Amino acid sequence: MNSDITNFSSLAPIFPELIIIIGAIIILMAGAFLKKQASVGLAGITIALLLVVSLLIILFPTDGIILNGAFIQDSFARYMKILLLASSLFAIILSLSSAKENSLDRFEYSVLLLFATLGMMIMVSANDLMSLYIGVEMQALSLYVLAAMRRESSKASEAGLKYFVLGALSSGMLLYGASLIYGFTGQTQLDEIAKIIMLGDRSIGLIFGLVFLLAGLAFKISAVPFHMWTPDVYEGAPTPVTAFFASAPKVAAMALLIRLVMESFEPVSQDWRQIVIFLSIASMILASFAAIGQKNLKRLIAYSSIGHMGFALVGLSAGSLVGVQAVAIYMAIYVIMTLGLFAAILSLKNQNGYVENITDLRGLAQTNPFVAAIIAIIMFSLIGLPPLAGFFAKWHVFLAAIEAKLFLLSIIGVLASAVSAFYYIRIIILMYVYEPEQQFIKAQPELRFIMALSGFLILTYYFSIAAPLTNITRFVVGSLF
Amino acid sequence: MVEAIVFLPLVGALIAGLLGHKIGDRASEIITSSLLVISAILSWIIFFPIAFGNGAEEVIKVEIMRWIEVGDLDLRWVLRVDSLTAVMLVVVSSVSSLVHIYSIGYMADDPSRSRFFAYLSLFTFAMLMLVTADNLLQLFFGWEGVGLASYLLIGFWYKRPSANAAAIKAFIVNRVGDFGFALGIFATFVLLGSIDIDMAFSAIEGAKNISISFLGAELNALTLAALLLFMGAMGKSAQFLLHTWLPDAMEGPTPVSALIHAATMVTAGVFMVARLSPIFDASTFAMSVVLVVGAITAFFAATIGLVQNDIKRVIAYSTCSQLGYMFVALGAGAYSAGIYHLFTHAFFKALLFLGAGSVIHAMHHEQDMRKMGGLRKKIPITYIMMIIGTLALTGVGIPGTSFGFAGFFSKDSIIEAAYAVGGPLGNFAFWSLVLAALFTSFYSWRLIHMTFHGSTRAEQHNYEKAHESPNIMLVPLYFLAIGSIFAGVLFYDQFFGKEKYIEAFFANSIIIVGHIIEAAHNAPTWVKWSATFAMLLGFVSAYWMYILQPSLPARLAKAMPIPYQFLLNKWYFDELYDVIFVKPTIRLGNFLWKKMDDKLIDNMIIEGLGRKVQLVTAKFVKLQSGYLYHYAFAMLIGIAALLTWEVVAGGLL
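Here we summarise the structure given alongside this text. The shown structure was predicted, so the numbers you read here are calculated from the model rather than taken from an experiment.

What about the overall build of chain B?
Thought 1: From N to C terminus, chain B includes 28 helices and four strands.
Thought 2: The 653 residues of chain B split such that 57% are buried.
Thought 3: Surface exposure of chain B reaches about 26100 Å², of which carbon and sulfur atoms provide 68%.

Next up, the structure:
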């Protein structure tokens, strides 16, 4: 097979990824040869790099399929890349103030984060089972190390190890599924697979392959029952890393899942929709109930994110353009809420260090009214109370589900949402009803900025970003159909 | 000017109510009272040209605002003043201003006078809204407004459980009536296409033969509408079956009883029937119902009044009875006679109540007449005022001449009108009223004798310290006394003179049935003398029983215990209602509270669900054991389940 790369300009669709590769390697070299104190400067360069790549994607969009069909850049991929680049960017900013405490003040942190981001960008743009796997593994390997960055902490090491072992298991499932599909269709390119399925029967081998493939991806978005790693890793990993885990990889994995099912398995949509519905219901229900029993704030957020992935999958279950659009909107709002929430958690620092227990929030409204207000806004938004952003996120996915006549799923979703309100509201009550027990140190300006931005977008969602977001997602989702 | 009459009391109410604690009680009293006096003077200025000129040449309509526009419903907030309204304006604002002034003295020791005066003015505003209503909804607004004010004032001394109970009772019993009233308004809208008074009336002619299915029976629609509206009137005017709240309402301060529960609010039902006379006049059956209910009330309330010992309750039952008279007039078709009695009654009944208040004031809030007596020498001015009120109430006068107190003219008009109706119903009404007149005379004089004459039965120091009321309480009595003496004779022509005089006065504001008035005027002489004779008989027997033979009443009660107890216990209506309505309602409430709410909803559904959630949570939390192999196992179970599901449900086997 001849290469389709004839000159430099034909590489244009993959420019963003190339820039990140080069940037990451330069930072790696610089980190190895410079003094340890330079890591802060390198973090600044990383931020600048991510910013430049985001601007490149926004300002000079170049769509196309290259590398013999392994890599696709379309408007959907660009939208998702912007989301995950923004998540990575803010995750680094979040880590600045607490880098020392979390042993993140090392250049490897920036490098690993960049490689993880690169892997996710490849996932989003993957148009072939092989590039898909490369992307998935690239981000996964980086994330394993990130989770265990804090070597002296046994909790972090345990988290990293668990993540690695279970991640390997899920990779195995993914690969096994991919090989089954290749075996039964003779193709690895996503659009070609669809053509073969359309022509032939829907064989049992193909369906097995589909199930294994989806199970591997379900692990990445931590959908029940492939979610078990999530609470432990979220709790054990350094908080800024958890913030990163909770945002960017979810966007990438969801984007990959969407592309895979909409492009390759459109002809057997009845089969994959069954699986997605199962994952969705299981995630929503388990997360709602399990979160009630949590005492650690990060574990609570872990279950919350499991639940929210369940809600996002409600939109995908519809298998329609409206449904996919709803997921795209959901992911954007989810990222805004998650980053704001982690900024708030990273602001909770007393003289003994960072606090993580839910009961530590007691009386926060008196000692730190701004952070308490932001947390309250985000909690109400996570519940899905109008007119906050979280309401519209849920509204879009449920609307899509109802249009697809998935009434039972919608009812279960709404009930799960009602149960989940319990633990979100409990946090608000702790903050506003109880007397404070401890004093917190004033939050860093960059954290306050992220909280204010997140709170503002959530509060004014309907008036500020609702219309542009809806229009953009409708346009980008169009490139999948 | 009309706006000023209606809204000045509201201004007063707002000032006294919202700023009362800032400007002080005295300022609240002065502001509300002076605003009311201005309102009263303006009312008389409107009334005089109508009464002594050519009637209301034109209906005055003042649009305040557009109110509701929904579909066919286009309501404006219009103040309507015609002859009927003018009469009511005079009654309401005059009595109210006098009661305001009187209250300054009567309530002098009360700690929350601002609140009292705010309520009084609020009531007056609502009552004025009611009488100036141009459509039924506006009427309903005023109707509910006076109901609210009445509730607040009955329960004014809210620390007394009996006052609260009475307030709630008044409110609930009125709710029954108001339910009918509201249905009546709906029926009117459906039937006549409008609840604007003029527009609705113009549609009556075309709606006379429409029938409607209600509660499974086929009824004439207009009759039904009229009966439903009358149900509202029965509640507000404390007619038979819905009367039980009025005597209890005497728990409120005495000026309230005078203003609301004698002179004005309770006559709202009478006013409403008169205002809607074209609707009632279109249904013979409805008119008969009004006549019979009125006659029964007049008779039955008078019988209860015979044996009551609380001075205010006697007057309360008297009010109930007199309202029955008014309804008989309306039912007979002599609407003007009903309004006539409403007009005169307001003066002498307010006088009697305020006089009773003066007695109570003198006796340090003692209301039991068995602990009074001989007060004539202690409070001579009050005594004279009460005598004037009694003479007016019992209808003292010489038939066929212009000599007589206010009640004489109006009451005789009604009795003659009842006779003029004829037939079994007319005769029933006539004889009921004559008997009621006898009883009225008896209990009125009984009240005078027990309170003022004979030797005192009061406690020594109470009697010693009894004193005449201050001038601020006496002056309003003088005004009312003048009204009680002259209101009848002065306005006889306008209300019950020759047909053309009545027509000239009322213009088209109420229906005037010429033949009834003609027949009433031509009633035989014995009919005209019947009421006077009954009055004399009552006077004589009261004199005999309470002055000549003071031991006779007790012996009589002992000799005939069953009728005595029957009357003393108010025909056992409260007990009857307690068994029929109150107890089952409480039982139902208890059931819904303890069984439905506490047990089923709270305990089983809410808390049960909560417990279930906790159980499920505990199980889910346990799943997260922390062991790696558990996690891997869960993933494998998951994929096995998904595969099985796909294979089985997908039909791949």
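Now that the structure is up, let's keep going.
As for the overall build of chain A
Thought 1: Helices and strands together make up the secondary structure of chain A, namely 19 helices and four strands.
Thought 2: When burial is assessed residue by residue, chain A has 64% of its 481 residues classed as buried.
Thought 3: Of all intrachain contacts in chain A linking residues separated by at least 6 positions in sequence, the fraction that spans at least 24 positions is 82%.

Considering the packing of helix H14 (residues 311-332) of chain B against helix H15 (residues 335-362) of chain B
Residue and element names in this part refer to chain B.
Thought 1: At a closest axis distance of 9 Å, the pairing of H14 and H15 adopts a crossing angle of 175°. Judged by the inter-axis angle, H14 sits roughly antiparallel to H15. Only Tyr335, Ala337, Gly338, His341, Leu342, His345, Lys349, Leu352, Phe353, Ala356, Val359 and Ile360 of H15 make contact with H14, whose side of the interface consists of Ile311, Lys312, Ile315, Ala316, Ser318, Thr319, Gln322, Tyr325, Met326, Ala329 and Leu330.

Thoughts on the pairing of strand S1 (residues 60-70) of chain B
Thought 1: Pairing of S1 of chain B with strand S2 (residues 73-81) of chain B involves nine bridges; the strand directions are antiparallel. What sits directly across from Glu69 of chain B, in S2 of chain B, is Asp74 of chain B.

Section: the pairing of strand S4 (residues 217-220) of chain B
Residues and elements named next belong to chain B.
Thought 1: Relative to S4, strand S3 (residues 211-214) runs antiparallel, the two sharing four bridges. Note on S4: the bridge partner recorded for Ser211 is Asn220.
Thought 2: Hairpin remark: S3 followed by S4, antiparallel, with two residues in the connecting loop; positive phi at Leu215, about 55°.

Considering the pattern of salt bridges
Charged atoms that come close allow side chains of opposite charge to pair.
All names here are of chain B.
Thought 1: Enumeration according to the criterion identifies 35 salt bridges over all chains in this entry.
Thought 2: Taking the shortest distance from any N to any O, the salt bridge between Arg160 and Glu251 comes out at 3.0 Å. Of the two residues, Arg160 is situated in the loop between helix H5 (136-154) and helix H6 (161-192) and Glu251 in the loop between helix H9 (245-248) and helix H10 (254-263); the sequence distance between them amounts to 91 residues.
Thought 3: Of the charged contacts in the structure, one is a salt bridge between Lys583 and Asp578, with a shortest N-O distance of 3.0 Å.
Thought 4: On the basis of relative accessibility, which here comes to 43%, the residue Lys583 falls in the partly exposed class.

Re helix H3 (residues 83-106) of chain B
Thought 1: Taking 1.5 Å as the rise per residue, H3 of chain B with 24 residues should run 34 Å; its terminal C-alpha atoms sit 34 Å apart, in good agreement.
Thought 2: Of all 24 residues in H3 of chain B, 23 are buried; the element is thus mostly enclosed.

Looking at unusual backbone geometry
Thought 1: Between Val224 of chain A and Pro225 of chain A the backbone carries a cis peptide bond, its omega angle lying at 5°.
Thought 2: By the element assignment, Pro225 of chain A lies in the loop between helix H8 (204-220) and helix H9 (229-236).
Thought 3: Following Pro386 of chain A, the chain continues to Pro387 of chain A via a peptide bond in cis, the omega torsion being 5°.
Thought 4: Tracing the chain through its elements places Pro387 of chain A in the loop between helix H15 (369-383) and helix H16 (389-403).
Thought 5: Of note in this structure, His364 of chain B is not a glycine but carries a positive phi near 55°.
Thought 6: Here His364 of chain B is to be found in the loop between H15 and helix H16 (380-394).

Examining the environment of Val489 of chain B
All names here are of chain B.
Thought 1: Its location among the elements puts Val489 in helix H20 (residues 471-490).
Thought 2: When the C-alpha positions of Val489 and Thr344 are compared, they lie 9.9 Å apart, and in sequence the two are 145 residues distant.
Thought 3: Among all residues touching Val489, those that are not within four sequence positions of it are Tyr340, Ser402 and Phe409.

Cut-offs and rules
- Residues numbered from 1 in each chain as written.
- Chains lettered and ligands numbered in written order.
- Predicted model: local features only at pLDDT ≥ 70, side-chain atom pairs only at ≥ 80, totals over all residues.
- Heavy atoms only, no water.
- Helix = DSSP H or I, 4+ residues; strand = E, 2+ residues; numbered from the N terminus.
- Buried < 20%, exposed > 50% of the residue type's maximum accessible area, 1.4 Å probe, protein only.
- Areas by Shrake-Rupley, 256 points an atom, 1.4 Å probe, with all protein chains shown as cover.
- Contact = heavy atoms within 4.5 Å.
- Axes fitted to C-alpha atoms, helices over the stretch in contact; angles between N-to-C directions.
- Parallel < 35°, antiparallel > 145°, perpendicular 65-115°, else oblique.
- Pairing = 2+ DSSP bridges.
- Salt bridge = Lys/Arg side-chain N within 4 Å of Asp/Glu carboxyl O.
- Expected span 1.5 Å × (residues − 1).

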